[in-house]
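One-letter residues, chain by chain:
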Amino acid sequence: MGIWERLKLNMDAHRLVALVGAGGKTSTLYALAREGVQAGKRVVVTTTTHIMPHPDLPLTDCMEELPALLERYPAVTLGRFLRPDKLSEAGRPEACLRWADLVLVEADGARLRPLKAPADHEPVIPHGASAVIAAAGLDCLGKSIGEICHRPERVAALLGVGEDHMLTPADVAAVLSSPLGSRKGVTEDMAFRCLLNKADTPEREAWGKEIQDILARQGIYSIVTHYTEKERGGACLF
């Protein structure tokens with residue numbers, strides 16, 4: 001079963017997908033893109049914040065070049081280098097839908113940490129997004145907020161604890177489901193899914209299922225997954 005099907009998302013209904021949170025966004029972004037290409041879709045990968053560029057996808061910083069590139073390549077990255085290591089946005093993602101069947105957007109940053117709560121300016125969910133996927137890495141569990149989280153002061157405030165608090169499955173579920181956490185900016189008309197990543201040990205898989213159960217009681221659909229070392233970051237997927 002592919003990632004689109006596992007997340008209960010539909011390529012025709014959910015054409016503009018934003019990824020937020022921490023601990024698996026980029027890997028999932030490229031997994032979604034690859035399946036889109038395999039399904040015969042024209043795919044644009046882009047960002048409203050920053051993203052690591054895929055080494056094997058054509059890149060443009062000019063939206064007007066997309067029609068010609070999508071005639072030649074099934075997947076294209078849209079972004080511009082405002083810093084040496086990562087791409088920044090290069091136009092409104094929703095405008096790409098004029099030429100692409102799917103637009104996949106990294107809409108949040110976490111500096112490689114597995115859990116975060118957003119700052120006031122985060123996440124940057126594009127206008128017209130039809131689905132939002134919130135990721136969290138299960139390797140945060142059993143560790144202190146101050147040690148493992150991005151924006152630890154925000155996570156601690158959301159949970160009402162100190163930064164020395166050891167994270168539990170209930171804490172991760174609270175961050176993912178909160179409008180001050182991973183659900184920030186998600187509107188009623190957007191499909192909302194959670195991806196519990198790094199379930200690469202029996203203990204983490206059990207924790208993931210516990211979080212799933214908590215989220216399900218709130219009406220939030222989630223999946224438990226992990227990527228192999230080769231798949232992480234998505235470089236091997238194209």
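Everything below is about the structure shown above.
Caption draft 1: Region of the structure containing the sheet that holds strand β6 (residues 80-81). An order of β3-β7-β6 is seen for the three strands of this open sheet, with the pairing classed as antiparallel. Edge positions in the sheet fall to β3 (50-51) and β6, since each of these pairs with one other strand and no more. In this structure, β6 lies alongside strand β7 (residues 87-88), joined through two bridges in antiparallel fashion. Within the sheet, the bridge partner assigned to Arg80 lies in β7 and is Ser88.

Caption draft 2: A look at helix α6 (residues 169-177). The element α6 is extensively covered by neighbouring structure, given that seven of its nine residues are classed as buried. Here α6 has its buried residues at Pro169, Asp171, Val172, Ala173, Val175, Leu176 and Ser177. Structurally, α6 contributes buried residues whose contacts are with β9 (115-116), β10 (131-137), α5 (152-159), β12 (191-197) and α7 (202-217).

Caption draft 3: How the structure looks around the sheet that holds strand β1 (residues 16-21). Within the open sheet, the eight strands sit side by side as β4-β5-β2-β8-β1-β10-β12-β13. Their pairing is parallel. Of all strands in the sheet, those with a lone pairing partner are β4 (59-60) and β13 (221-224), marking the two edges. Relative to strand β8 (residues 102-106), β1 runs parallel, the two sharing four bridges. Bridge pairing in β8 links Leu16 to Val103. Against the sheet, α6 engages β10 and β12, with an angle of about 155° to β10. Packed onto the sheet, α7 meets β12 and β13 and runs at close to 175° relative to β13.

Cut-offs applied
Residues numbered from 1 in each chain as written. Predicted model: local features only at pLDDT ≥ 70, side-chain atom pairs only at ≥ 80, totals over all residues. Heavy atoms only, no water. Pairing = 2+ DSSP bridges. Helix = DSSP H or I, 4+ residues; strand = E, 2+ residues; numbered from the N terminus. Buried < 20%, exposed > 50% of the residue type's maximum accessible area, 1.4 Å probe, protein only. Contact = heavy atoms within 4.5 Å. Axes fitted to C-alpha atoms, helices over the stretch in contact; angles between N-to-C directions.

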